[in-house]
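Below, each chain spelled out in residue letters.
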Amino acid sequence: GAGVSQSPSNKVTEKGKDVELRCDPISGHTALYWYRQSLGQGLEFLIYFQGNSAPDKSGLPSDRFSAERTGGSVSTLTIQRTQQEDSAVYLCASSIRRSNQPQHFGDGTRLSIL
Amino acid sequence: DQQVKQNSPSLSVQEGRISILNCDYTNSMFDYFLWYKKYPAEGPTFLISISSIKDKNEDGRFTVFLNKSAKHLSLHIVPSQPGDSAVYFCAASADGNQFYFGTGTSLTVIP
């Protein structure tokens, strides 16, 4: 499809396990964002990729969180040694290169840590 | 530290009436503002935006007002329709790249 695609849509895992969340942005979009929405909260910025520039990691909550973007397209958000407080919906968004452009969001991955 | 605040978690409006959703921000460097709409189990979708050089932007039934001195923006929906029932997020940016989101307002339009 033409939109932002995220997988899996749902993930349930045990505390302490590692998880990988995938995002396929819209073709041609050079900016890619990861956000987290915990229950009853707004969207919390995690990380931002823009083209080949170094990513802005200022929103990552701990060193258990990391993200990569390969070939300027697909991105993977990895959470190591998951904790129950990591349970949230993880949203990916992309936008075209120019600034002040609205982001296009995927439907998110709902992560539940048991 | 929440730089963008939506103080009303929910709002109910009768169909046909005006819905007014409010958003306040603290960072005077913000110069680009957006509203997103989110249905359950879906990602937010872009609705309307405004830059700080304007105080009003209109798109069909949706109008966004910006009051820079008060650091306040609002979204007006008129007339409200049942399909408008969703969670609305406001967002702001100072550099056009990193965006700060509010906690959302859940709008229910009653038929």
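Scroll up a little and you will see the structure.
To keep things clear, this report deals only with the structure shown in the data block. All of these numbers come straight from a predicted model, not from anything done at the bench.

Topic: the overall build of chain A
So, point 1. A tally of helices and strands in chain A yields 0 helices and 10 strands.
So, point 2. The order of α-helices and β-strands along chain A, N terminus first, is β-β-β-β-β-β-β-β-β-β.
So, point 3. For 114 residues, the compact-globule formula gives about 13 Å, and the C-alpha radius of gyration of chain A, at 13 Å, lands near that figure.
So, point 4. Structurally, chain A occupies a C-alpha span of about 40 × 30 × 25 Å along its principal axes.
So, point 5. Here chain A holds 114 residues, and 46% of them are scored as buried.

Overview of the nonpolar core
Most often, soluble globular proteins have nonpolar side chains that are buried together.
So, point 1. In terms of nonpolar packing, the biggest core is built from 23 residues, with B:F33, B:W35, B:L73, B:L75 and B:Y88 touching the most fellow members.
So, point 2. Secondary structure elements with two or more residues in this core: β3 (19-25), β4 (32-38), β5 (45-51), β7 (62-67), β8 (72-77), β9 (86-93) and β11 (105-110) of chain B.
So, point 3. Of the residues forming this core, the biggest block, 4 residues, is contributed by β9(B).
So, point 4. Leaving out residues up to four positions away in the same chain, B:Y88 has contacts with B:Q6, B:L21, B:W35, B:Y36, B:K37, B:L47, B:L75, B:I77, B:G104, B:T105 and B:L107.
So, point 5. Listed in part, the 20 residues of the second largest apolar core include A:V19, A:C23, A:L77 and A:C92.

Regarding the pairing of strand β6 (residues 65-69) of chain A
The side chains of a regular strand alternate between both faces of the sheet.
Residues and elements named next belong to chain A.
So, point 1. Side chains F65, A67 and R69 of β6 all project onto a buried face; the interleaved residues S66 and E68 project onto a face where none is buried.
So, point 2. As defined by bridge partners, β6 adjoins strand β7 (residues 75-79) across 5 bridges and the pair is classed as antiparallel. Across the sheet, residue R69 finds its bridge partner in β7, namely S75.
So, point 3. The antiparallel pairing of β6 with β7 creates a hairpin that spans 5 residues between the two strands, and G71 there sits at a positive phi of about 60°.

Brief notes about the pairing of strand β4 (residues 31-37) of chain A
Residue and element names in this part refer to chain A.
So, point 1. Burial of β4 is extensive: 7 of the 7 residues sit out of reach of the surface.
So, point 2. In β4, alternate side chains face the same way, and those of A31, Y33, Y35 and Q37 on one face and L32, W34 and R36 on the other are all buried.
So, point 3. The sheet contact formed by β4 and strand β5 (residues 43-50) spans 7 bridges and is antiparallel. Of the residues in β5, the one forming a bridge with Q37 is L43.
So, point 4. What sits between β4 and β5 in their antiparallel hairpin is a turn of 5 residues, with G40 showing a positive phi close to 75°.

Observations regarding the sheet that holds strand β1 (residues 4-5) of chain B
So, point 1. Reading across from one edge, β1-β3-β8-β7-β6 (chain B) is the order of the 5 strands in this open sheet, with antiparallel pairing throughout. Pairing within the sheet leaves two strands with one partner each, and these edge strands are β1 and β6 (56-59) of chain B.

Things to note about the interface of chain A and chain B
So, point 1. Taken together, the 20 residues of chain A in the interface contact 18 residues of chain B.
So, point 2. Each partner contributes to the roughly 1600 Å² buried at the junction of chain A and chain B, and carbon and sulfur atoms together form 55% of this total.
So, point 3. The interface formed by chain A and chain B includes 0 salt bridges.
So, point 4. Here chain A and chain B share 3 residue pairs in polar contact (both at pLDDT 80 or more) between them.
So, point 5. Every element with two or more residues in the side of chain A that touches chain B is listed here: β4 and β5 of chain A.
So, point 6. In terms of residue count, the dominant contributor to the side of chain A that touches chain B is β5(A) (4 residues).
So, point 7. Here the residues of the side of chain A that touches chain B are counted per class, giving 8 nonpolar, 10 polar and 2 charged.

Structural notes on the sheet that holds strand β3 (residues 19-24) of chain A
Residue and element names in this part refer to chain A.
So, point 1. With antiparallel pairing, the 4 strands of this open sheet are ordered in space as β1-β3-β7-β6. Where the open sheet ends on each side, the last strands, each with one partner, are β1 (5-7) and β6. Within this sheet the neighbouring strands show an average axis-to-axis angle of 15°, counted without direction.
So, point 2. Taken together, the 3 bridges between β1 and β3 define a ladder with antiparallel strand orientation. Directly across from S5, in β3, lies its bridge partner D24.

Description of a nonpolar patch on the surface
All names here are of chain B.
So, point 1. Together, I18, I20 and V78 line one region of the surface with nonpolar side chains, adding up to about 220 Å² of accessible area.
So, point 2. Positionally, V78 belongs in the loop between β8 and β9.
So, point 3. By relative accessible area, which is 41% here, V78 ends up partly exposed.

What counts as what
- Residues numbered from 1 in each chain as written.
- Chains lettered and ligands numbered in written order.
- Predicted model: local features only at pLDDT ≥ 70, side-chain atom pairs only at ≥ 80, totals over all residues.
- Heavy atoms only, no water.
- Helix = DSSP H or I, 4+ residues; strand = E, 2+ residues; numbered from the N terminus.
- Rg over C-alpha atoms; globule rule 2.2 N^0.38 Å.
- Buried < 20%, exposed > 50% of the residue type's maximum accessible area, 1.4 Å probe, protein only.
- Core = buried A, V, L, I, M, F, W, Y, C linked by side-chain atoms within 4.5 Å.
- Contact = heavy atoms within 4.5 Å.
- Pairing = 2+ DSSP bridges.
- Buried area = accessible area lost by both parts, 1.4 Å probe.
- Salt bridge = Lys/Arg side-chain N within 4 Å of Asp/Glu carboxyl O.
- Polar contact = N/O pair within 3.5 Å; in protein donor to acceptor, adjacent residues only side chain to side chain.
- Nonpolar A, V, L, I, M, F, W, Y, C, P; charged D, E, K, R; others polar.
- Axes fitted to C-alpha atoms, helices over the stretch in contact; angles between N-to-C directions.
- Patch = residues over 30% accessible without salt bridge, like charges linked within 9 Å, V, L, I, M, F, W, Y side chains within 5 Å.
- Areas by Shrake-Rupley, 256 points an atom, 1.4 Å probe, with all protein chains shown as cover.

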